[in-house]
Amino acid sequence: MHRFANPGRFLRLSGRFLPWSVGLTVLPLGFGLYLGLFVAPADYQQGESVRIMYVHVPSAWLALFIYTNIAIASAIALIWRHPLADVAAKVSSPIGAGFTFLALATGSLWGKPMWGAWWVWDARLTSVLVLFFLYLGHMALLNAFDDPGRGRKAAAVLALVGFVNVPIIKFSVDWWNTLHQPASVLRMEGPSIHAEMLWPLLLMALGFTFYYVTLLLVRMKSELLAARARALRLTALEAGRPEAVAP
Amino acid sequence: MEQIESFFTMGGYGAYVWPAYGLTAAVMIAFLVTTLRSLRSRRKSLDTLQAKAGPRRRRSKGATDKESSS
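Note that this is a predicted model, so its numbers are computed, not measured.

A. Representation of the overall build of chain A. Tallying secondary structure elements over chain A gives seven helices and zero strands in all. If you list the helices and strands of chain A from N to C, you get α-α-α-α-α-α-α. Taking the principal axes of the C-alpha coordinates as reference, chain A spans close to 75 × 35 × 35 Å. When each of the 247 residues of chain A is scored for burial, the buried share is 38%. By sequence separation, contacts in chain A at least 24 residues apart represent 74% of the contacts at least 6 residues apart.

Here it is in C-alpha cells:
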C-alpha cells in the first residue's frame, strides 16, 4: 500500500496511465452517444424520452461510485494515514456532487413528461438528494478548520458514516413503493433491458467512469504540485528568505 | 430533412431530452476546463518558486529527471 504513497512514483504511474484513461473516456462516449441517439429504438411506452436514460443512469451510477471511492479512500486515510488517499477523497467530492446534481436534474427532466411532476418525495429521489447534501457536507468540512488535518479527518468520518446511504439508494426501489422504476441492469436475474438499449448504456457508463478517472488523476497531480509549492514557501520562510515566496 | 427534424423534436420530447444532454455536457466540460486551468496555474507558480529557490535546488531537480528518464 505504502509503495504508492510516494508522490513521485504516483505521478510517474498516473502519467503513464493518463493517455489510456483519456482514450477509454473519448471512444466509449463517442460510440455510446451515436448508438444512444441514432441506433437505439424508442421505448414502446416512453417513446423518445427514454434517451434521457443514457445520461441519467451513468450520472447516477457515477454519483454512487465516486461516493464509494471517497469512503474507501477515507478509510485508508484514517487507518493507514496514507497521504494520497486524503488527496483522492478531497479532489473527488466536487465531481461526485456534480454527477449527483446531474442525476437529479436529468431525472427531473425525465420525470416531468413521464410522471407529470418535476419532483416527488419518493424513497429513491429523497435518498439521492441526501447523497447530494453528504457531498456538500464533505466539501464544507474539508475547509471548515484552520488546521487542514482536522478538516480532512472530520470529512473522512462523515464520508464513512454517510456510506450507509449508498445501499439505501441502491435498494430503495425494492424496499419501498417508489414511483422510480426498479433496477433493470444490475439485478440478480440479469439485465431485463433490451440489448439495443443496454449497449449504449454500458458504453456511456464506461466513458463516464473513465472521465472521472481522468479528472481524478489530473486533479491529484494538481494538488500534489500545490503541496510542493507550499513546502517550498515554508522552507524559504524558515531560511529567512521571504523574498523567495513573494508572488 | 424530415428525419433531421424528427431527430430534433425527439417525438415531442425534445424540450426534455436536449436540456438533459446539454446540462450533462455543460457540467462535464466545466469540470474539465477548471481542472486543466488550475493545473496550469499551479505548475506555473511552482516553477517560479523553484527558479527563485536557487540553482542548488534546480540542479537536484535536473538530476531526478535524468533518473526517471533512464
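Now that the structure has been shown, we can carry on.
B. Region of interest: the overall build of chain B. Counting its secondary structure elements, chain B contains three helices and zero strands. In chain B, the succession of helices and strands from N to C terminus is α-α-α. The burial tally for chain B puts 11% of its 70 residues in the buried class.

C. Molecular detail of the environment of glutamine 46 of chain A. Here glutamine 46 of chain A shows up in the loop between α1 (7-39) and α2 (53-80). Glutamine 46 of chain A sits 68 residues away from methionine 114 of chain A along the chain, and the two C-alpha atoms are 7.1 Å apart.

D. Layout of the interface of chain B and chain A. Contacts between chain B and chain A engage 25 residues on the former and 33 residues on the latter. A total of 20 residues in the side of chain B that touches chain A trace back to one element, the largest contributor, which is helix α2 (residues 14-52) of chain B. Of the residues in the side of chain B that touches chain A, the class split is 15 nonpolar, seven polar and three charged.

E. Local environment of the packing of helix α4 (residues 123-142) of chain A against helix α6 (residues 165-175) of chain A. Residues and elements named next belong to chain A. Axis separation between α4 and α6 bottoms out at 8 Å; the angle between their running directions is 160 degrees. For the element pair α4 / α6, the angle class is roughly antiparallel. Read as a crossing pair, α4 and α6 show a hand that is left-handed. Taken together, the residues of α6 that come into contact with α4 (itself represented by Ala123, Arg124, Ser127, Val128, Val130, Leu131 and Leu134) are Asn165, Ile168, Ile169, Ser172 and Val173. Its residues placed into classes, the contact of α4 with α6 shows eight nonpolar, three polar and one charged.

F. View of unusual backbone geometry. Even without a glycine there, the phi angle at arginine 81 of chain A is positive, about 50 degrees. Among the structural elements, arginine 81 of chain A can be located in the loop between α2 and α3 (83-115). Of note, methionine 10 of chain B is a non-glycine position whose phi angle comes to about 55 degrees, a positive value. Mapped onto the elements, methionine 10 of chain B comes out in the loop between α1 (2-9) and α2.

G. How the structure looks around the nonpolar core. Membership of the largest hydrophobic core comes to 65 residues, with the highest contact counts inside it found for Ile52, Ala63, Ile66, Ala88, Ala89 and Tyr212 of chain A. Elements with a contribution of two residues or more to this core: α2, α3, α4, α5 (148-162) and α7 (195-238) of chain A together with α2 of chain B. Take this core: its biggest share by element is 17 residues, from α7 of chain A. Sequence-distant contacts of alanine 88 of chain A, that is, excluding residues within four places in its chain, are made with Ala73, Leu216 and Met220 of chain A.

H. Region of interest: α2 of chain B. Taking 1.5 Å as the rise per residue, α2 of chain B with 39 residues should run 57 Å; its terminal C-alpha atoms sit 57 Å apart, in good agreement. If you check which residues of α2 of chain B are buried, you get Tyr16, Val17, Ala20, Thr24, Met28, Thr35 and Leu49 of chain B.

I. Quick peek at α1 of chain A. If you check α1 of chain A, its first and last C-alpha atoms are 45 Å apart, about what 33 residues at 1.5 Å a residue would give, namely 48 Å. Taken together, the buried residues of α1 of chain A touch α2, α3 and α7 of chain A.

J. Broad picture of the environment of serine 127 of chain A. Residues and elements named next belong to chain A. Tracing the backbone through its elements, the reader meets serine 127 in helix α4. For serine 127, a count of 20 C-beta atoms within 10 Å gives the class buried. Sequence separation between serine 127 and lysine 170 is 43 residues; the distance between their C-alpha atoms is 9.4 Å. Ignoring any residue separated from it by four or fewer positions in sequence, one finds serine 127 in contact with Asn165, Ile168, Ile169 and Ser172.

K. A look at the packing of α7 of chain A against α2 of chain B. Where α7 of chain A meets α2 of chain B, the axes come as close as 9 Å, and the angle between the chain directions of the two elements is 25 degrees. Looking at the two axes, α7 of chain A sits roughly parallel to α2 of chain B. Once α7 of chain A is placed against α2 of chain B, the crossing between them reads as left-handed. Here Tyr211, Leu215, Val218, Arg219, Lys221, Ser222, Leu225, Ala226, Arg228, Ala229, Leu232 and Arg233 of chain A of α7 of chain A come into contact with α2 of chain B, specifically with Met28, Phe31, Thr35, Ser38, Leu39, Arg42, Arg43, Ser45, Leu46, Leu49 and Gln50 of chain B. Class assignment of the residues belonging to the contact of α7 of chain A with α2 of chain B gives a composition of 12 nonpolar, five polar and six charged.

Cut-off values and rules
Residues numbered from 1 in each chain as written. Chains lettered and ligands numbered in written order. Predicted model: local features only at pLDDT ≥ 70, side-chain atom pairs only at ≥ 80, totals over all residues. Helix = DSSP H or I, 4+ residues; strand = E, 2+ residues; numbered from the N terminus. Buried ≥ 20, exposed ≤ 12 C-beta atoms within 10 Å, placed from the backbone. Contact = placed C-beta atoms within 7 Å. Nonpolar A, V, L, I, M, F, W, Y, C, P; charged D, E, K, R; others polar. Axes fitted to C-alpha atoms, helices over the stretch in contact; angles between N-to-C directions. Parallel < 35°, antiparallel > 145°, perpendicular 65-115°, else oblique. Left-handed = near helix turned anticlockwise from the far one by under 90°. Core = buried A, V, L, I, M, F, W, Y, C linked by C-beta atoms within 7 Å. Expected span 1.5 Å × (residues − 1).

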